[in-house]
Every structure is written in C-alpha cells, then in structure tokens.
Amino acid sequence: QVQLVESGGALVRPGGSLRLSCSASESTFSSSDMSWFRQAPGKERELVATITKSRGRTKYAASVKGRFTISTDGAKNTVYLQLNSLKPEDTAVYYCYAQRVLSPYTNYWGQGTQVTVSS
C-alpha cells in the first residue's frame, strides 16, 4: 500500500511559483509530523519545511523562509508546499516525508518530484 504520493513538480522560470502536493493515507496523515525535503545533484538531502501532527507549528529552512509555505488539508489528507519567488538554487528533487509520532513509529518517504528553476 502506497502511503505518500507526490505531484506538482515542473520546470518554472526564476521568480515563478509552484505548488507541490503530497497525498497521504488517513492513518499516516492523522498520526504524523509531515515534512518536505529536497536534494539537489551532488548535495545532501536537506529539510525544507515541517508541520507538526497537531498542525499547530511549522518550521522552515533559513534558505526558504519567507518564500515557501507548508500547509495541510485535513479533508483531503494532503500536505502542500507552496514555492514562491523561485530561484535557480531551488532546483532539486522534492520529497514528502511522514514521521509517525504514535506507535507504531513507522516513517514513510514519497517518491520525489522534480522542480527545475531555469530561464
């Protein structure tokens, strides 16, 4: 059973915007802190944004704070990442990640979606 399914990656111009989506199972969505990671060629995978299980707190990497926004839609069991004012250095594969905070403590990764920022 697939736990996380991502979509929304695309080729965009510098300064453009994009919204990534991550569809989760109800069980995973309701029991997990949800995050977005990204990995550029030749670089380590880095944490971009996190929203807690309760959805009451968010955290962002310094490089994206003020430009990206993580949010959720409980009715759809979906996590979003809104990417604004995109820069070439934002080019990476973006991954959704779920970390259960209730037993069983099982974590899941999405398959990744490519975001390319280029003129």
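Below or above, wherever it landed, is the structure these notes cover. (Residues numbered from 1 in each chain as written. Predicted model: local features only at pLDDT ≥ 70, side-chain atom pairs only at ≥ 80, totals over all residues. Heavy atoms only, no water.)

**Looking at the state of the cysteines**
No. 1: Applying the stated criterion across every chain yields a total of 1 disulfide.
No. 2: A sulfur-sulfur distance of 2.1 Å marks the disulfide that ties Cys22 to Cys96. Handedness here is read from the sign of the S-S torsion; for Cys22 and Cys96, about -85 degrees, the answer is left-handed. Taken together, the residues Cys22 in strand 3 (residues 18-24) and Cys96 in strand 9 (residues 92-100) connect sequence positions 74 residues apart. For the pair Cys22 and Cys96, one class covers both residues: buried. (Disulfide = S-S within 2.5 Å. Helix = DSSP H or I, 4+ residues; strand = E, 2+ residues; numbered from the N terminus. Buried < 20%, exposed > 50% of the residue type's maximum accessible area, 1.4 Å probe, protein only.)

**A closer look at the packing of aromatic side chains**
No. 1: Counting across every chain of the model gives 4 aromatic pairs.
No. 2: Ring centres 5.6 Å apart and planes at 85 degrees place the aromatic pair Phe37 and Tyr97 in the edge-to-face group. Separated by 60 residues along the polypeptide, Phe37 in strand 4 (residues 32-39) and Tyr97 in strand 9 bring together distant segments of the chain.
No. 3: For Phe37, a relative accessible area of 16% translates into the label buried.
No. 4: Owing to a relative accessible area of 13%, Tyr97 belongs among the buried residues under this scheme.
No. 5: A ring pair is formed by Tyr95 and Trp109, whose centres lie 6.3 Å apart and whose planes are at 90 degrees; its orientation type is edge-to-face. (Phe/Tyr/Trp six-rings, centres within 6.5 Å; stacked < 30°, edge-to-face > 60°.)

**Details of the side chain of Arg67**
No. 1: Locating Arg67 in the fold gives a position in the loop between strand 6 (58-60) and strand 7 (68-73).
No. 2: For Arg67, a relative accessible area of 11% gives the class buried.
No. 3: Of note is the side chain of Arg67, whose polar atom sits 2.9 Å from the backbone oxygen of Ser63.
No. 4: Ignoring sequence-local partners within four residues, the contact set of Arg67 consists of Gln82, Leu83, Asn84, Ser85, Leu86, Lys87 and Asp90. (Polar contact = N/O pair within 3.5 Å; in protein donor to acceptor, adjacent residues only side chain to side chain. Contact = heavy atoms within 4.5 Å.)

**Focus on unusual backbone geometry**
No. 1: Between Ser103 and Pro104 the backbone carries a cis peptide bond, its omega angle lying at 0 degrees.
No. 2: In this fold, Pro104 is placed in the loop between strand 9 and strand 10 (107-109).
No. 3: Despite not being glycine, Asn77 shows a phi value in the positive range, around 50 degrees.
No. 4: Within the fold, Asn77 resides in the loop between strand 7 and strand 8 (78-83).

**Some thoughts on the side chain of Thr113**
No. 1: Inspection of the secondary structure puts Thr113 in strand 11 (residues 113-117).
No. 2: For Thr113, a relative accessible area of 10% corresponds to the buried category.
No. 3: A distance of 3.0 Å separates a polar atom in the side chain of Thr113 from the backbone nitrogen of Gly9.
No. 4: Leave out the neighbours within four places in its chain, and Thr113 touches Glu6, Ser7, Gly8, Gly9, Leu20, Ala92, Val93 and Tyr94.

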